[in-house]
Each structure stands twice: as structure tokens, then as C-alpha cells.
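# A structural walkthrough
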Amino acid sequence: MDSNRGILTLRRNGRETMNCSWGTELWDQFDNLEKHTQWGIEFVERYTKFVKERSEIELNYAKQIRNLSKKYQPKKNSREEEEYKYSSCRAFLMTLNELNDYAGQHEIVAENLNTQILSELSRYIQELKAERKSHFHDGRRAQQHMENSWKQLESSKRRFERDCKEADRAQHYFEKMDADINVTKADVEKRCSLKARQQAQIRHQVAADSKNEYLSCLQKFNKDQSEHYYTLIPLIFQRIQEMEERRIERVGESMRTYADVDRRVLPIVSKCLDGMNKAAESIDPKMDTKQVVETYKSGFEPPGDVEFEDYSLSMRRAVSESSFLNARGESRRRSRGKLWPFIKRNKGTSSEDYSHLPPEQRRKKLQAKLNDITKDLQKEMDQRDALAKMKDVYMKNPHMGDPSSVDPRLEEIAHNIDKLQQEAQKFESWLADVEGKLLEKGDVQRRQSAHFDSHGHAPVGNNCAQNRESSPDGSYTEDHGVENQFKSRSTEFDDEFDDEDPLPTIGTCKALYPFEGQNEGTISMAEGEMLYVIEEDKGDGWTRVRRNEDEEGYVPTSYIKLYFDTNAKGAMTYI
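Residues numbered from 1 in each chain as written. Predicted model: local features only at pLDDT ≥ 70, side-chain atom pairs only at ≥ 80, totals over all residues. Heavy atoms only, no water.

### Brief notes about the overall build of the protein
- Each helix and strand in the protein was counted, giving twelve helices and five strands.
- Considering the protein as a whole, with its 575 residues, one finds that 33% of them fall into the buried category.
- Surface accessibility of the protein: about 36,800 Å² in total, with carbon and sulfur atoms responsible for 52%. (Helix = DSSP H or I, 4+ residues; strand = E, 2+ residues; numbered from the N terminus. Buried < 20%, exposed > 50% of the residue type's maximum accessible area, 1.4 Å probe, protein only. Areas by Shrake-Rupley, 256 points an atom, 1.4 Å probe, with all protein chains shown as cover.)

Below, the structure is given as C-alpha cells:
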């Protein structure tokens, strides 16, 4: 029973607390209420400032995220764009795109904070200030009325007090005079006594009037005071209380809106994060390593075994001078050809037919170029068809346009189509050529592999042909059916002296065309320039020449005209 009574008491006190009124509970706290409501407005302004700074942070963060995403986006026509053929790079690009969308959600948060909270609160603060000012103006006016009524009451009270004192003095004077008259019985004194009686009666009447006025003022003041503290002040304070409750409720609504602004973008943010996870899951290590093969595969076979060169034959003096010279040149050429895959080369200038690339890479480049040309050709043909239809419409409806105005553009497109078709035919022929050679080479390799499997040893003639498939600068050239094996030639010097002593000249040559030897092992020449020949073409399309004792290299045989010196004995001087 005691516990139930306690619960009922708590509930009753709770209802009284919930139903409390500022007009009855805080009737004498006008100044404190004024300070409290001013603090409430300042709190709303502080919360508005907080939301504004949060909005600015969101905008700056979104801007930085967008700049970060843009910074790491692949540049057009750059090496970075080629890297995105790997799944890890594509996943990174997808992550950047999702990050860009993620930044957009932060911009939406900032925009909603501005429109749904900042703008509304700024307008509400102005309305709140005006309403508060009106309510406290009414309160001050009511207080001023009470002060005036109190002053009026005090004035009538003091006047009544003064009149009462004067009436007492007049009555006392009359009584004194009347006593003197009874004693002396003089006529003059009788007249003074009558005058004093009249004065006393007048004072008593004034005092009575002051009393009535005082009573009237007192009644009026009590009425005004009762109305002030039981009607006006409760009404004004109730309005202030309602204003304060609306302010608090408005702050709560703003805080809920603040949370909802973030909550509304969570689904999109979640999708962005899911997209990042999906991008990470799309990474395929096996596919990337396979792409490395597709990117860098040259189509060449590894070099074969280096053949034994019998230098002991150099002691046989029966070898002719020319055989001696050829042996030295061929020795250098063979060692150079066998080791070229392991030599670091400078990048040469790329040609239009990609002949500087290995066969497999050349085929891919030609196919990609052919695909681009086909797309451009289709685009031009679509434009031609559209213009032809437009011209037909103009011919049927002359008021819509002049048919001849389309002709210049049609001619330009026709010229572009012819040019693109010629380009396509040219690249198709190059592509067919390289594909044929790759197919032929594959058949040869399969036959050699079958021969190796049946006899248990590698074919002898593969080394020379394989080494001759590439030019001295590492670029791919046609296979002209170079000899299947090297002939063993004599020399009287070993490799150490071979590298130090220059080869003798066997003739001269004249440059028919200019050649820029930018690759390692080549030498540049100008049209009409005369050079010394120190090693003739061995079937790979290159001839070794010398300009002076410090400058020598290979030039295309088709670029020069040869003049062999049949009497050359290696005694010619350098230019």
C-alpha cells in the first residue's frame, strides 16, 4: 500500500510538473525570464553556426575527394591509359569513379543542410526575436501601469495623511479656543472660537474627501494588482512559455533533420562502397599475368646453342686472304646475332607499318589500327548517308533548303572515305603478310619439334635462321632463307684481339638515300655520302660500313650502291 501511494504521489507531482505555468510559478521572475529567452535565441544561433560549419566541411571534403579522384584518373593518350587493360587497374578506375559518386553524396548533404536547416533557422531566429520583443514589451507596459497605479495610491495616501493631521490640528485649536471662551466669556474670543470651529469642520471635510479618494485609489490599485498578477502577467508569461516551447521543439526538429540528411544518403553511399568491393572482387591475377604475355610476347623463339668455332684451322696457311677476311667478319656477325636478345637497345623511331616491333606485337598493333580505321570509316559513311537523305529532302522540298549546299560536305566526306579505304587496304595487306609469316613459322617450328622428339636432338640449321630474323637494332625483318649453318672459317687472332683491331675495308659504297641510325649497332648516313665497306650483306639486308676509325655500324643494303675492291688486302686507310 505504501509503494502504491508513493507511485500515485510521483505521478501527481509529474502531472503538476508537466502542467506548470510560468504565469503562476514565475510571476515575480520577469527579469530572469528575459535573460533565459535571450539565452535561448543565442543557443539557436550557435546551433545554426554549427550546422553552417558542418556544411562547409562537407563541401570542402567533397571538393578534395573529387580532386583526388580526378588526379588519379588516367590521362588520355598516355601510358597510364594502356595500363587499364589489367584487372587491378580497371578495379582502381572503378574505385575512383565510385569515390567521385561518394563525393557527390557529401555535396548533397551540404546542400540539404543549407536549404532544410540553415535557411529555415535563420528565418525563424528573426521571427523569434520579433515575437520575444513583443511579449516583453507588453510585460513592461503592464509593469509600468502597476507602477503608475502604485504611485497614485501613494500620493492619495500621503494626501489623506496630511489632511487628517491638519484636521486634527484644527480640531485641537478649536477645542483650545472653546475652553478659553468658557473661562473669559469675552465677545472677541467668541468670534475666534466660531472661526476655529468652521476651520476645523473644513479640515475634517477635506480629510474625509482625501479618505474617500484614498479608498478609491486603494480599491483601484488592488483591482489592477489582482488583474496584473492573476490575468495579464499569466497571459503574457504563458505566451512567452509557448514561444520558448516552440523554440525548443524547433531545435529538436532541426536536429532530427540533421540526422535524416545523413541517413538519406546512406543507401547511395552503401552502393558506392559495394561498388568498391565489387571492383576489388573483379581483380583476376591469372588474367593479368596472361595479359602480360599478350602485351609483351614477341613471337620469337629463344636462341639455339652456340656452335663451336674451330680457330685451330687458322694455323693452316692454305686459307686464302679473302676467306680470312670473311671469317673475321662472319665471326663478329654470328656472335652479334646470337646474343642480341640479351643486349640493351635504344628505342628507335617507330614506322607506320610497325616493322620495328616483334611479329606478335606487330600483328596486334596492325589489328588495333585497322579497327580504328574501320570505326572512322563507318562514321564517315554514316555521315554520308545522313547528308544524302538531307539532300534528297531538300530536292523534294526546296523551301526547306538548297540541295547544292550539301555538295561540298559530301565531296569532303567522299574524299575522306577514299583515303580511309586506302589506309585500310594498306594495313590489311601488312596484317595478312605478318599473319602468313607467323603461320608459316609456326608450321616450321612444329615440324622441327616433331623431328626433335623423334631423333632426340635439336635441329642444327635453326640457329642461323633464327638469329637472322632480327635486324642488328632488334627490329623484325623478313626471312630471306639465310644459310642453314655457318661455315667454319679460319682466323689467326682470338676474340680478344678481334674486338680491339678494326676490320679491313673490302670496298666502298655510296648512300642512295638518307638513313638515321638511331638504334644500337646502326650508323646514320646522308644521301650521296661515300663510306667504306668492312662487311658485306650476309643475307639479312644489312651491310657493315665505316666512316672513320671510331665510327662504324650497319646500314640497309637497299639504301647503298656497293663498289667492291677485288684487290683489297686490308691495307686501305681510314677516311
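### Examining the packing of aromatic side chains
- In the structure shown here, the tally under the stated rule is 13 aromatic pairs.
- A centroid spacing of 5.3 Å and a plane angle of 90 degrees characterise the contact between Trp27 and Tyr229, whose relative ring orientation is edge-to-face. Of this pair, Trp27 sits in the loop between helix H2 (22-25) and helix H3 (30-71) while Tyr229 sits in helix H6 (residues 187-281), and the two are 202 residues apart along the sequence.
- The exposure class assigned to Tyr229 is partly exposed, which follows from its relative accessible area of 31%.
- Each ring, one from Trp150 and one from Phe221, has its centre 5.1 Å from the other, and the planes form 55 degrees; the classification is tilted. Placement of Trp150 in helix H5 (residues 87-184) and of Phe221 in helix H6 is noted, with a sequence separation of 71 residues between them.
- Among the residues examined, Phe221 registers a relative accessible area of 6% and is labelled buried.
- Above the plane of the ring of Tyr124 lies Arg250, whose end atom (NZ or CZ) is 4.7 Å from the centre. (Phe/Tyr/Trp six-rings, centres within 6.5 Å; stacked < 30°, edge-to-face > 60°. Lys NZ or Arg CZ within 6 Å of the ring centre and 35° of its normal.)

### Some words on the sheet that holds strand E2 (residues 530-535)
- Overall, antiparallel pairing links the five strands, which are arranged E4-E3-E2-E1-E5 in an open sheet. Looking at which strands have only one partner, the edges of the open sheet turn out to be strand E4 (551-556) and strand E5 (560-564). Here the average twist between neighbouring strands, direction ignored, is 40 degrees. (Pairing = 2+ DSSP bridges. Axes fitted to C-alpha atoms, helices over the stretch in contact; angles between N-to-C directions.)

### Overview of the pattern of salt bridges
- Taken as a whole and assessed by the stated rule, the structure comprises 26 salt bridges.
- With a closest N to O distance of 3.6 Å, Arg250 and Glu120 form a salt bridge. Highlighted residues: Arg250 in helix H6 and Glu120 in helix H5, separated in sequence by 130 residues.
- Salt-bridge contacts for Arg158 lead to Glu154; the nearest nitrogen and oxygen are separated by 3.9 Å. (Salt bridge = Lys/Arg side-chain N within 4 Å of Asp/Glu carboxyl O.)

### A closer look at a negative patch on the surface
- Negative charge collects at one region of the surface, where Glu242, Glu245, Glu249 and Glu253 lie side by side.
- Secondary-structure assignment places Glu242 in helix H6.
- Residue Glu242 is classed as partly exposed on the basis of its relative accessible area of 36%. (Patch = residues over 30% accessible without salt bridge, like charges linked within 9 Å, V, L, I, M, F, W, Y side chains within 5 Å. Lys, Arg positive; Asp, Glu negative; His and termini not counted. Charge placed at Lys NZ, Arg CZ, Asp CG, Glu CD.)

### A closer look at helix H9 (residues 359-396)
- Between its first and last C-alpha, H9 extends 55 Å over 38 residues, near the 56 Å set by a 1.5 Å rise per residue.
- All buried positions along H9 are accounted for by Pro359, Glu360, Gln361, Arg362, Leu366, Leu370, Ile373, Leu377, Glu380, Leu387 and Tyr394. (Expected span 1.5 Å × (residues − 1).)

### Digging into the pairing of strand E1 (residues 507-511)
- A one-sided burial pattern is seen for E1, the buried positions being Gly507, Cys509 and Ala511 and the unburied ones Thr508 and Lys510.
- Bridge count between E1 and E2: four bridges; the pairing is antiparallel. Bridge assignment links Cys509 to a residue of E2, and that residue is Leu531.
- As defined by bridge partners, E1 adjoins E5 across five bridges and the pair is classed as antiparallel.

### Some remarks on the environment of Ala200
- As for its placement among the helices and strands, Ala200 is situated in helix H6.
- Residue classification places Ala200 among the buried residues on the basis of a relative accessible area of 1%.
- Sequence separation between Ala200 and Gln171 is 29 residues; the distance between their C-alpha atoms is 5.1 Å.

### Quick word on the side chain of Asp224
- Position of Asp224 relative to the elements: it lies in helix H6.
- Of the residues examined, Asp224 reaches a relative accessible area of 11% and is grouped as buried.
- There is a polar contact of 3.5 Å between the side chain of Asp224 and the side chain of His145.
- A polar contact of 3.5 Å, which involves the side chain of Asp224, links it to the side chain of Ser149.
- For Asp224, the residues in contact, after removing those within four places along its chain, are His145, Met146 and Ser149. (Polar contact = N/O pair within 3.5 Å; in protein donor to acceptor, adjacent residues only side chain to side chain. Contact = heavy atoms within 4.5 Å.)

### Points about the nonpolar core
- Counting 33 residues, the largest nonpolar core has Val51, Leu113, Ile117, Phe237, Ile240 and Tyr258 as its most contacted members.
- Elements with a minimum of two residues in this core: H3, H5 and H6.
- The contact partners of Val51, leaving out residues within four places of it in the chain, are Leu113, Ile117, Leu118 and Tyr258.
- Leu387, Tyr394, Val406 and Leu410 belong to the second largest nonpolar core, which has 15 residues in total. (Core = buried A, V, L, I, M, F, W, Y, C linked by side-chain atoms within 4.5 Å.)

### Overview of the pairing of E2
- Of all six residues in E2, five are buried, a share of seventy percent or more.
- Two strands pair when backbone bridges link them, and E2 and strand E3 (residues 542-548) are joined in this way by three bridges, in the antiparallel orientation. Bridge pairing links Val533 to Val545 in E3.
- What sits between E2 and E3 in their antiparallel hairpin is a turn of six residues, with Gly539 showing a positive phi close to 105 degrees.

### Considering helix H7 (residues 285-296)
- A rise of 1.5 Å per residue sets the reference length of H7, with its twelve residues, at 16 Å; its end C-alpha atoms lie 17 Å apart and thus fit the reference within 8%.
- For H7, the side-chain oxygen to backbone nitrogen distance between the N-cap and Lys286 is 3.2 Å, and the N-cap itself is Asp284.

### A few points about the confidence of the model for the protein
- Mean pLDDT over the protein: 77, with 73% of residues reaching 70 or higher.
- In the model, residues 315-349 has pLDDT below 50 throughout and makes 81 contacts with residues more than four positions away in sequence or in other chains.
- Counting interchain partners and residues more than four positions distant, the pLDDT-below-50 stretch residues 451-500 has 107 contacts. (pLDDT = per-residue confidence, 0-100.)

### A look at the environment of Arg363
- Within the secondary structure layout, Arg363 lies in helix H9.
- Overall, the relative accessible area of 24% leaves Arg363 in the partly exposed class.
- Sequence spacing of Arg363 and Ala432 is 69 residues, and the spatial spacing of their C-alpha atoms is 9.0 Å.
- When neighbours within four sequence positions are excluded, Arg363 is seen to be in contact with Leu431, Val434, Glu435 and Leu438.

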